[in-house]
Amino acid sequence: MLKVGLTGGIGSGKSLVAKLFSLLEVPIYESDQRAKWLIEHHETIISEIKELLGDEAYNKEGKYNKEFVSKAVFQNKDLLKKLNQIVHPRVGQDFEDWLIVQNAPFVIKEAAIMNRNAGLDKIIVVDSPKELKIKRLLIRDTHRNLTEIENILANQKSPEEFLEMADFVINNDEKSLLIPQVLEIYKKLIS
Ligand SMILES: CC(C)(COP(=O)(O)OP(=O)(O)OC[C@H]1O[C@@H](n2cnc3c(N)ncnc32)[C@H](O)[C@@H]1O)[C@@H](O)C(=O)NCCC(=O)NCCS
Ligand SMILES: Nc1ncnc2c1ncn2[C@@H]1O[C@H](COP(=O)(O)OP(=O)(O)OP(=O)(O)O)[C@@H](O)[C@H]1O
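Residues numbered from 1 in each chain as written. Chains lettered and ligands numbered in written order. Predicted model: local features only at pLDDT ≥ 70, side-chain atom pairs only at ≥ 80, totals over all residues.

**Describing the site of ligand 1**
Thinking step 1. As a matter of local geometry, ligand 1 sits amid 21 residues, with Ile10, Ala35, Val69, Ser70 and Ala112 nearest to it.
Thinking step 2. For the shell around ligand 1, the secondary-structure elements that each account for two or more residues are helix H2 (31-41), helix H4 (66-73) and helix H5 (77-100).
Thinking step 3. Broken down by element, the shell around ligand 1 gets its largest block of residues, 6 residues, from H5.
Thinking step 4. The class makeup of the residues in the shell around ligand 1 is 13 nonpolar, 6 polar and 2 charged.
Thinking step 5. Counting only domains with at least three residues in the shell around ligand 1, you end up with domain 1 (1-27 + 106-191) and domain 2 (32-101). (Near = placed C-beta within 6 Å. Helix = DSSP H or I, 4+ residues; strand = E, 2+ residues; numbered from the N terminus. Nonpolar A, V, L, I, M, F, W, Y, C, P; charged D, E, K, R; others polar. Domains from an automatic or database assignment.)

**As for the sheet that holds strand S3 (residues 106-110)**
Thinking step 1. Within the open sheet, the 5 strands sit side by side as S2-S3-S1-S4-S5. Their pairing is parallel. Looking at the sheet topology across the chains shown, the edges are occupied by strand S2 (28-30) and strand S5 (168-171). Mean inter-strand twist for the sheet, computed between neighbouring axes without regard to direction, equals 20°.
Thinking step 2. Across 3 bridges, S2 lies against S3 in parallel orientation. Along S3, the bridge assignment pairs isoleucine 28 with isoleucine 108.
Thinking step 3. Taken strand by strand, helix H9 (residues 178-190) contacts strand S1 (2-7), S3, strand S4 (122-127) and S5, and its axis lies near 165° from that of S5. (Pairing = 2+ DSSP bridges. Axes fitted to C-alpha atoms, helices over the stretch in contact; angles between N-to-C directions. Contact = placed C-beta atoms within 7 Å.)

These values are about where atoms sit, not about what they do.
And the structure:
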């Protein structure tokens, strides 16, 4: 079974593209969602995050305080790196466990953080102009202001770095249609 990565910066349209692949019955592993689930349920992760960021990282009911953590780590590369070191190995293991029960010609791992050497067979990059990403995020993420969005973008790979690792690029500039691009990649991956 081929393991295919789907990546791109915040607001590039990864989740939308993942939905299109899921309509073709491709199993999708959503790293962000799984990471958040693990962050709220994995005892070791919980204690390591509290040690790194303080008890404020969770509220009294044990829910992850995303706003607090987001503000802390997207302004501090060192903290972000340490948070990644706590979360990513466990997400990697969770992905391997998930893979065991999948049955399809290929699966997709959707994630904003991806490397060429992460054990994936192919990588799809969703590419969008910066102004469009920002416009979409100001509409979707009403809890974030422009500075917060720019901080997140600054802590992710640059568009050039994303494109460098691509086997396939999906252009989501709202001029090129997405469905034909997804179908073309799908046909190549199943053949
Ligand atoms: C930082 C957190 C609290 C922000 O949560 P929030 O709900 O406000 O935003 P959201 O999850 O939608 O993330 C915003 C954008 O940043 C991206 N992002 C998330 N974590 C990271 C990271 N470690 N490095 C770079 N980009 C990231 C997301 O993919 C998205 O594009 C949360 O994303 C988190 O705990 N991240 C650490 C876990 C992680 O690395 N997840 C990514 C996949 S493994
Ligand atoms: N081609 C498009 N036309 C119209 N709206 C779009 C298009 N692409 C994405 N959007 C919208 O832009 C927003 C961001 O897209 P999406 O959530 O898929 O991005 P993402 O890359 O998964 O972001 P994140 O990294 O934050 O999870 C969503 O509200 C989505 O519906």
